[in-house]
Amino acid sequence: QVQLVESGGGLVQAGGSLRLSCAASGRTFSSFAMGWFRQAPGKEREFVAAITRSGGYTNYPNSVKGRFTISRDNAKSTVYLQMNSLKPEDTAVYYCAAAMKFIATIRDDYDYWGQGTQVTVSS
């Protein structure tokens, strides 16, 4: 089992930045690829970012590429999502997730999920 707890969400103006954190406990953190997803009201949960176990490879959809950066600190069992140049359409609940794979971009490939943290971007 892996427990994931997100933090760092909040209210920010368009163009601003936020850094989300996800602290993991339980099984060895470095055994998991990690990802971030988001879900806006009335919409499907969508992929935002993924990182391999070692942190050597990352993946993003075009909607956030160049604005968001995923990173991890295996010594601290924590994964981060740095979000810059935020837009109102980035407003959503953000979830971190863990996958027993090299890397994963599909929701169903993830084995463990956090409870989410709200990000609201005002225009």
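In short, a report on the structure. Worth saying up front: this structure is predicted, and the values here are computed from it rather than measured.

**Describing the overall build of the protein chain**
Along the backbone of the protein chain there are 0 helices and 11 strands. When the elements of the protein chain are put in sequence order from the N terminus, they spell out β-β-β-β-β-β-β-β-β-β-β. Here the C-alpha atoms of the protein chain give a radius of gyration of 13 Å, agreeing with the 14 Å that 2.2 N^0.38 yields for 123 residues. Taken over the C-alpha atoms alone, the protein chain extends approximately 40 × 25 × 25 Å along its principal axes. A sequence separation of at least 24 residues applies to 58% of the contacts in the protein chain between residues at least 6 apart.

**Concerning the packing of aromatic side chains**
Under the definition given, this model contains 5 aromatic pairs. On the basis of an interplanar angle of 65° and a centroid distance of 5.7 Å, the ring pair of Phe 37 and Phe 47 is categorised as edge-to-face. Of the two residues, Phe 37 is situated in strand β4 (residues 33-39) and Phe 47 in strand β5 (residues 46-51); the sequence distance between them amounts to 10 residues. The class of Phe 47 is buried, set by a relative accessible area of 14%. Aromatic pair Phe 37 and Tyr 110: ring centres 5.2 Å apart, planes at 80°, arrangement edge-to-face. In this pair, Phe 37 is assigned in strand β4 and Tyr 110 in the loop between β9 (92-99) and β10 (112-113), connecting sequence segments 73 residues apart. The burial state of Phe 37 is the same as that of Tyr 110; both residues are buried.

**Re the nonpolar core**
Within the largest apolar cluster, 30 residues are counted, with the highest numbers of intra-cluster contacts made by Leu 4, Trp 36, Val 79, Leu 81, Met 83 and Tyr 94. Formed by 7 residues, the second largest nonpolar core is a distinct cluster that contains Phe 47, Ala 50, Ala 104 and Tyr 110.

**Remarks on the side chain of Arg 38**
The topology assignment puts Arg 38 in strand β4. Take Arg 38: its relative accessible area is 7%, and that puts it in the buried class. Within the structure, Arg 38 has its side chain in polar contact with the side chain of Glu 46 (distance 2.6 Å).

Rules behind the numbers
- Residues numbered from 1 in each chain as written.
- Predicted model: local features only at pLDDT ≥ 70, side-chain atom pairs only at ≥ 80, totals over all residues.
- Heavy atoms only, no water.
- Helix = DSSP H or I, 4+ residues; strand = E, 2+ residues; numbered from the N terminus.
- Rg over C-alpha atoms; globule rule 2.2 N^0.38 Å.
- Contact = heavy atoms within 4.5 Å.
- Phe/Tyr/Trp six-rings, centres within 6.5 Å; stacked < 30°, edge-to-face > 60°.
- Buried < 20%, exposed > 50% of the residue type's maximum accessible area, 1.4 Å probe, protein only.
- Core = buried A, V, L, I, M, F, W, Y, C linked by side-chain atoms within 4.5 Å.
- Polar contact = N/O pair within 3.5 Å; in protein donor to acceptor, adjacent residues only side chain to side chain.

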